[in-house]
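Residue-level structural notes
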Amino acid sequence: MINTANGMISTPSSSANAQSPGLKTYFKTPEGRYKLHYEKTYPSGLLHHSHGKTVTQVTLAHLKEKPAPSTPTASSSSFTASSGVKSAAARWLGAGNGSRALSFVGGNGSSKSVSSAGRIGSLGSSSPSNSMTNTNFDGKGTYLIFNVSDSIFISDLNSQDKDPIKSIHFSNSNPVCHAFDQDAKNGHDLLIGLNSGDVYSVSLRQQLQDVGKKLVGAQHYNKDGSVNNSRCTSIAWIPGGDGAFVVAHADGNMYIYEKNKDGAGDSSFPVIKDQTQFSVAHARYSKSNPIARWHVCQGSINSIAFSSDGACLATVGRDGYLRVFDYSKEQLVCGGKSYYGALLCCAWSMDGKYILTGGEDDLVQVWSMEDRKVVAWGEGHNSWVSGVAFDSYWSSPNSDGTGETVMYRFGSVGQDTQLLLWDLEMDEIVVPLRRCPPGGSPTFSTGSQSSHWDNVCPLGTLLPAPSIRDVPKISPLVAHRVHTEPLSGLIFNPGSVLTVCRQGHIKVWMRPSGAESQSSNSETVSGSKDKPLVSNTLGSTSHKQ
């Protein structure tokens, strides 16, 4: 039974259908309704006992025009790639969601023929041969790459078909992270990190052209954990790095690789003298790969994200610290501890001024690179925050006329199954002007951002966990339950917002149309100054009235 009057769906759920009874197919914002357009998932018959041992992450990949015929498709000796974390066609996306700058195209050419040929070849074929090619693949389009259990699935973003067009199976370990570079040269544009510590770089186009279920033309790094046998936790192309990339591991180390070097190049690094201190070691030989090791912290590095210009690298970890590094100088710039517990995710604003973090304290922290401090806490999740991202495609209604946005829109998802949207306008946030003396009370200011703090935190300082009264609080604009399972990430697109749950179901939410936005703005303009409300009821949506 389907009740369309209130947007509720009451159809039976299955493993291939993430929509369940009680979930609305839209959520309201001041600019209009975001509507559930379609869902992506995996063929349930392909999964077995290992399902659930890894968390699904999603990467958005935009393939450009097919290269000239004279250019090799990509072999194990030719490769290249780009920015990532947030993992999306310049989603840097970011990130995550890091930032994600990627073009949205209406249709991937012969998507129907790609879909049918890809499914027959990659999902239904029992032949292990990789020699066959998919001649229907037209060489461009926008694709979703996501991991479930021991497989990577590739789905056509602009097709409403739920099933993927391609699956890649890993026999010895589960894939856990991936990153795409739309500006890669010489073919290799996709990175895949495994639970075993192994890393692969491949050409996405070549995988789509092949009908088999194994990686083709792959370059293999850290084979069998030869350099580091701990789990890969996050992987990112270095923006402007000409094929260099960073792999973070569960033991607190990061490694920098160059994809145009032999993946089996000998690399040995000195023993880490002090596990509590940040240190960098470089490989001794010019042919070594990886070329450097960064020991960041004790315990796991849970996520990494580059600023869009590649100048700074942010990491968050099991120890609860955000660390921001000057990548080229290999120096710690700033950072600090969560209110409590581990930090699980991080993302940059496109202008590099702010960093979002989320984790086990159920808070979304907003870090200012100008102040090198937490400048706001987002309160609204009822469980761990597992994904954060800035919406670089949202335009503020309060533009100052110079083209600069004075308000930021960002989103967060959590294990409470909710998507939260937030508006951040720094000049309207009431913030502590200075720390209060013992027994005193804090002084507040609503002035310009430069007056928020008495002084900027010294360079290279890691701050302790802040006091709850020292950080201004913001409430979400929208709180909407989007999945039945805990969420693991979100991606903002020009035309849509993607949400993904830990079990491998992806939903595509279309943005409001222009006409709907104007209508909604006229309805909400009288109450636009009211404080946003947040609902603690999972089955509902709250928004600014």
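Residues numbered from 1 in each chain as written. Predicted model: local features only at pLDDT ≥ 70, side-chain atom pairs only at ≥ 80, totals over all residues. Heavy atoms only, no water.

As annotated in an unreviewed UniProt entry, the protein is Probable catabolite repression protein creC isoform X2 from Gossypium hirsutum.

**Quick word on the pairing of strand E5 (residues 58–63)**
Looking down a regular strand, the side chains alternate between one sheet face and the other. We apply this condition: Burial classes follow relative accessibility: with a 1.4 Å probe on protein chains only, a residue under 20% of its type's maximum area counts as buried, one over 50% as exposed, and anything between as partly exposed. Only runs of H or I of at least four residues qualify as helices and only runs of E of at least two qualify as strands under DSSP, and these elements are numbered from the N terminus. Strand pairing is assigned whenever DSSP detects at least two bridges linking the two strands.
Summarising burial for E5: 6 of the 6 residues are buried, a large majority. With burial as the criterion, each face of E5 is covered, one bearing Val 58, Leu 60 and His 62 and the other bearing Thr 59, Ala 61 and Leu 63. Where E5 lies against strand E6 (residues 141–148), 6 bridges are found, and the strand directions are antiparallel. Paired with Thr 59 across the strands is Ile 145, a residue of E6.

**Concerning the environment of Asp 326**
Rule in force here: Contact between two residues is taken to exist if any of their heavy atoms lie within 4.5 Å; hydrogens are not considered. Residues adjacent in sequence count toward polar contacts only when both atoms are side-chain atoms; beyond that, a polar contact is any pair of N or O atoms within 3.5 Å, and within protein one must be able to donate a hydrogen and the other to accept it.
Looking at where Asp 326 falls in the secondary structure, it is placed in strand E20 (residues 321–326). Sequence separation of Asp 326 and Gly 310 is 16 residues, and the distance between their C-alpha atoms is 9.2 Å. Apart from residues lying up to four places away in sequence, Asp 326 is in contact with Trp 294, Ala 311, Gln 331 and Val 333. Looking at Asp 326, its side chain comes within polar contact range of the main-chain nitrogen of Lys 329, at 3.0 Å.

**As for the sheet that holds strand E12 (residues 219–221)**
To be explicit about the condition: An axis is simply a line fitted to the C-alpha atoms; with a helix, the fit covers only the stretch in contact. Between two such axes, the angle follows the N-to-C directions and lies from 0 to 180 degrees.
One open sheet accounts for 4 strands, arranged E9-E10-E11-E12; its pairing is antiparallel. Two strands bound the open sheet, and with one partner strand each, they are strand E9 (175–180) and E12. Sheet twist, expressed as the mean angle between neighbouring strand axes with direction ignored, is 20 degrees. One ladder, built from 3 bridges, connects strand E11 (residues 199–202) with E12; its direction is antiparallel.

**So, a nonpolar patch on the surface**
Defined as follows: Patches here: salt-bridge-free residues with over 30% relative accessible area, like charges joined within 9 Å, nonpolar side chains (Val, Leu, Ile, Met, Phe, Trp, Tyr) joined within 5 Å. Computed by Shrake-Rupley with a 1.4 Å probe, the accessible areas treat only the displayed protein chains as cover when residues are assessed. Each reported salt bridge corresponds to a side-chain nitrogen of Lys or Arg within 4 Å of a carboxyl oxygen of Asp or Glu.
Among the surface-exposed residues, Tyr 339, Tyr 340 and Ile 468 lie close enough to one another that they form a single nonpolar patch of about 290 Å² accessible area. By the secondary structure assignment, Tyr 340 is in the loop between strand E21 (331–337) and strand E22 (343–348).

**Quick look at the environment of Asp 262**
Structurally, Asp 262 can be placed in the loop between strand E15 (253–258) and strand E16 (279–282). C-alpha of Asp 262 to C-alpha of Tyr 221: the two residues are 41 residues apart in sequence and 8.2 Å apart in space. Not counting residues up to four positions away in its chain, the partners in contact with Asp 262 are Gln 219 and Asn 289.

**Side note on the environment of Thr 499**
Residue placement: Thr 499 occurs in strand E35 (residues 496–501). In this structure Thr 499 comes out as buried when scored by relative accessible area, which is 1%. Between the C-alpha atom of Thr 499 and that of Val 413, which follows or precedes it by 86 residues, the distance is 8.1 Å. Not counting the four nearest positions on each side in its chain, Thr 499 is found in contact with Leu 419, Val 482, His 483, Gly 489, Leu 490, His 505, Ile 506, Lys 507 and Trp 509. Polar contacts involving the side chain of Thr 499 include one to the side chain of His 483, which spans 2.9 Å. Only 3.1 Å separates the side chain of Thr 499 from the side chain of Trp 509, close enough to count as a polar contact.

**Regarding the pattern of salt bridges**
Scanning all chains against the criterion turns up 9 salt bridges. Across the pair Lys 64 and Asp 183 runs a salt bridge whose closest N-O atoms are separated by 2.8 Å. Exposure remark for Lys 64: the relative accessible area of 42% places this residue in the partly exposed category. In this structure, the salt-bridge partner of Glu 360 is Arg 318, at a minimum N-O distance of 3.0 Å. You can see Glu 360 sitting in the loop between strand E23 (354–359) and strand E24 (363–368) and its partner Arg 318 sitting in the loop between strand E19 (312–317) and E20, a full 42 residues away along the chain.

**Thoughts on unusual backbone geometry**
For the peptide bond that leads from Asn 289 to Pro 290, omega is 15 degrees, which places it in the cis range. Mapped onto the elements, Pro 290 comes out in the loop between E16 and strand E17 (292–295). A positive phi angle, near 55 degrees, is found at Glu 330, a position not held by glycine. Mapped onto the elements of the fold, Glu 330 is located in the loop between E20 and E21.

**So, the nonpolar core**
Selection criterion: Remark: nonpolar core denotes a set of buried residues (Ala, Val, Leu, Ile, Met, Phe, Trp, Tyr, Cys) joined through side-chain atoms within 4.5 Å.
Ala 314, Leu 322, Val 324, Trp 348, Ile 355, Trp 367 and Met 369 are the most contacted members of the largest nonpolar core, which totals 20 residues. Listing elements by their share of this core, those giving two or more residues are E19, E20, E21, E22, E24 and strand E25 (373–379). Once residues lying within four places of it in the same chain are set aside, the contact partners of Leu 322 are Ala 314, Thr 315, Val 316, Cys 334, Gly 335, Gly 336, Leu 343, Ile 355, Thr 357, Trp 367 and Leu 462. One finds Val 375, Phe 390, Leu 424 and Ala 479 within the second-largest nonpolar core, a separate group that totals 19 residues.

**Looking at the sheet that holds strand E32 (residues 473–474)**
Within a sheet, neighbouring strands are paired by backbone hydrogen bonds and run either parallel or antiparallel to one another. The mixed open sheet is built from 5 strands, whose spatial order is E22-E23-E24-E25-E32. Here the strands that pair on one side only, and so sit at the sheet edges, are E22 and E32.

**Comments concerning the pairing of strand E34 (residues 487–492)**
Counting buried positions along E34 yields 6 of 6 residues, so the element is predominantly enclosed. Sheet topology note: the E34/E35 ladder contains 5 bridges and is antiparallel. The residue of E35 that forms the bridge with Gly 489 is Val 500. Connecting E34 to the next strand, E35, in antiparallel fashion are 3 residues.

**Overview of the packing of aromatic side chains**
Filter applied, for reference: For Phe, Tyr and Trp, where Trp contributes only its six-membered ring, two rings pair if their centres lie within 6.5 Å, and the inter-plane angle classes them as stacked under 30 degrees, edge-to-face over 60, or tilted in between. Lysine NZ or arginine CZ positioned within 6 Å of the ring centre and within 35 degrees of the ring normal marks a charge as sitting over the ring.
A complete count under the given rule lists 21 aromatic pairs for this structure. Ring centres of Tyr 221 and Tyr 257 lie 5.5 Å apart, and the angle between their planes is 65 degrees; this geometry places the pair in the edge-to-face category. On the criterion of sequence distance, the pair formed by Tyr 221 in strand E12 and Tyr 257 in strand E15 is long-range, its members being 36 residues apart. According to the relative accessible area criterion, Tyr 221 is buried, its value standing at 0%. Here the aromatic rings of Trp 294 and Phe 325 are separated by 5.5 Å at their centres, their planes lie at 75 degrees, and the arrangement is edge-to-face. Of this pair, Trp 294 sits in strand E17 while Phe 325 sits in strand E20, and the two are 31 residues apart along the sequence. Residue class for Phe 325 comes out buried when judged on its relative accessible area of 0%. Here a set of aromatic residues connected by ring pairs shows up, and it is made of Phe 278, Trp 294, Phe 306, Phe 325 and Tyr 327. Positioned above the aromatic ring of Tyr 26 is the side chain of Arg 33, whose terminal nitrogen or guanidinium carbon lies 4.0 Å from the ring centre. Here Lys 337 stacks its cationic end above the ring of Tyr 321, 5.9 Å away from the centre of that ring.

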